[in-house]
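Residue-level structural notes
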Amino acid sequence: MKFSNEGTLHLKNITEREMKSLSFPVIGLDGLYKTGYESLNQLDEMTNEILMVNDRIECGISAKDHYAQYMSVALFKIRLENRETVEFIQEGKLISHLQPIVSITSGELYAYESLLRAESSEKKISPYELFQVANKAEMHSLLDQRAREEAIRARKSHIDSGIKSFINFLPSTIYNPEYCLQHTFHIVNKYNVDPADLVFEVVETEKVQDVDHLKKVFQTYKREGMKVALDDVGAGFSTIEMLKLLEPNYVKIDRSYIDRCDEDIKKQEFLSEVNYLSKELGITVLAEGLERMEELKICKEVGVDLCQGYLIGKPEPTAKTPIINTSVAS
């Protein structure tokens, strides 16, 4: 939806009694009404008034009288208040920054993680703001799809075949795996990338409510020849039972367990336990958030397979060579 400075506000599921209680003139019949507005400030005032009458009334706007996308007035208000970010989510330019992932033992480049960024000359928008607004405005599915396409496009442009791409996704945006993931498979075909080079990584793992649903999502990706990963292992979600049930190809250890792990015996014990249990299940272990050589050495001693972090390389618009060779760490 586009919030133009003037247009028509449409109302649905509003009774005649409710309509008559509004201070501004409205025309229409049988629960469908409309009124003009001449500025966004006026539209905001109208929305506030409608909210006071009944927050279940549905609203929509159009530059022309004949079309409106309806939604609850409460959701409409959220989108109106965050209109610049909402419009950016819809049409703004997104780019992927690429952070290297390497083998701890050999030091060889293994993959890049694609991290979403907003490219805007008019307003600086952080990825956090994008996803916060998308969640509040019920646009997280759209943003997730756009981010996924940008990650695959960036892979096609910057990453050689055989080097994997870790691509984040929110399982809550996938309602019916067979249907929703068709968009992903279409993009894979559009850019002619090898599905075997793609690793789809669940973000906000600890917030996953429906494990059976996530299992279906994983199975659908795997069936198409792709790999799957669990993020933030150790952040209150991924027990060994969950690892057995979901059977991810990779687990990423939460950075809170990596930070200063050389100074904390409990963190070292946790790393050893996760690494042992994962290897028993045939799962590759990745440590994220490495910033110090001392942390790298501990992960190497434990037997962790892969690592990423500022010590290895920062996210960049192109696929940069890792900063250090981890094979020399001892």
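These notes cover the structure that comes with them. Since this is a predicted model, take the numbers as computed values, not measurements.

1. Thoughts on the overall build of the protein
Helices and strands together make up the secondary structure of the protein, namely 12 helices and 13 strands. Structurally, the protein occupies a C-alpha span of about 75 × 40 × 40 Å along its principal axes. Taking as baseline every contact in the protein between residues at least 6 positions apart, the subset at least 24 positions apart corresponds to 67%. Of the roughly 16400 Å² that the protein leaves accessible, carbon and sulfur atoms contribute 47%.

2. Structural notes on unusual backbone geometry
At Asn 13, a residue that is not glycine, the phi angle is positive and equals roughly 60°. Relative to the assigned elements, Asn 13 resides in the loop between strand S1 (7-12) and helix H1 (16-20). Backbone geometry at Asn 192 places phi at a positive 55°, although glycine is not the residue there. Here Asn 192 lies in the loop between helix H8 (182-190) and strand S9 (198-202). What makes Asn 192 exposed here is its relative accessible area of 60%.

3. A closer look at helix H5 (residues 127-136)
By the burial criterion, the buried members of H5 are Leu 130, Val 133 and Ala 134. Take H5 and look down its axis: the buried residues cluster within an arc of 100°, on one side only. Facing away from the buried surface of H5 by more than 90 degrees, the exposed residues are Tyr 128 and Asn 135. Structurally, H5 contributes buried residues whose contacts are with helix H4 (83-91), strand S6 (93-103), strand S7 (109-119) and helix H6 (140-158). Once H5 finishes, Glu 138 follows within two positions and takes phi at roughly 55°, a positive value.

4. Comments concerning the sheet that holds strand S4 (residues 58-62)
Across the sheet, 5 strands lie side by side as S2-S3-S1-S4-S5; this open sheet has antiparallel pairing. Since the sheet does not close on itself, it has two edges, and those belong to strand S2 (27-29) and strand S5 (71-72), each with one partner. Taken together, the 3 bridges between S2 and strand S3 (residues 32-37) define a ladder with antiparallel strand orientation. Its bridge partner lying in S3, Ile 27 is registered against Lys 34. In this fold helix H2 (residues 40-53) packs onto S1, S3 and S4, with an angle of close to 145° to the strand it touches most, S3.

5. Some remarks on the packing of aromatic side chains
For the structure on display, the rule yields 8 aromatic pairs. Summarising the aromatic geometry, the rings of Phe 169 and Phe 200 are spaced 6.5 Å apart at their centres and angled 70° between planes, so their arrangement reads as edge-to-face. Of this pair, Phe 169 sits in strand S8 (residues 164-169) while Phe 200 sits in strand S9; the two residues are 31 residues apart in sequence, bridging distant segments of the chain. In this structure Phe 169 comes out as buried when scored by relative accessible area, which is 1%. The exposure class assigned to Phe 200 is buried, which follows from its relative accessible area of 0%. Judged by centre distance (4.3 Å) and plane angle (10°), the ring pair of Phe 200 and Tyr 221 falls under stacked. With Phe 200 in strand S9 and Tyr 221 in helix H9 (residues 211-223), the pair connects residues that are 21 residues apart, well separated along the chain. In terms of burial, Phe 200 and Tyr 221 fall into one category: buried.

6. Section: the side chain of His 140
Among the structural elements, His 140 can be located in helix H6. Ignoring sequence-local partners within four residues, the contact set of His 140 consists of Ala 134, Asn 135, Ser 172, Thr 173 and Tyr 175.

7. Describing the pattern of salt bridges
Under the counting rule described, the total for this entry stands at 19 salt bridges. Measuring nitrogen to oxygen at the nearest pair gives 2.8 Å for the salt bridge that ties Glu 113 to Lys 252. Of this pair, Glu 113 sits in strand S7 while Lys 252 sits in strand S11 (residues 250-253); the two residues are 139 residues apart in sequence, bridging distant segments of the chain. Across the pair, exposure class does not vary: Glu 113 and Lys 252 are buried alike. It is possible to trace a salt-bridge network through shared partners that takes in Arg 260, Asp 262, Glu 263, Arg 292, Glu 294 and Glu 295.

Parameters at a glance
- Residues numbered from 1 in each chain as written.
- Predicted model: local features only at pLDDT ≥ 70, side-chain atom pairs only at ≥ 80, totals over all residues.
- Heavy atoms only, no water.
- Helix = DSSP H or I, 4+ residues; strand = E, 2+ residues; numbered from the N terminus.
- Contact = heavy atoms within 4.5 Å.
- Areas by Shrake-Rupley, 256 points an atom, 1.4 Å probe, with all protein chains shown as cover.
- Buried < 20%, exposed > 50% of the residue type's maximum accessible area, 1.4 Å probe, protein only.
- Arc of directions from axis to C-beta.
- Pairing = 2+ DSSP bridges.
- Axes fitted to C-alpha atoms, helices over the stretch in contact; angles between N-to-C directions.
- Phe/Tyr/Trp six-rings, centres within 6.5 Å; stacked < 30°, edge-to-face > 60°.
- Salt bridge = Lys/Arg side-chain N within 4 Å of Asp/Glu carboxyl O.

Note that all results are geometric; they support no functional claim without further evidence.
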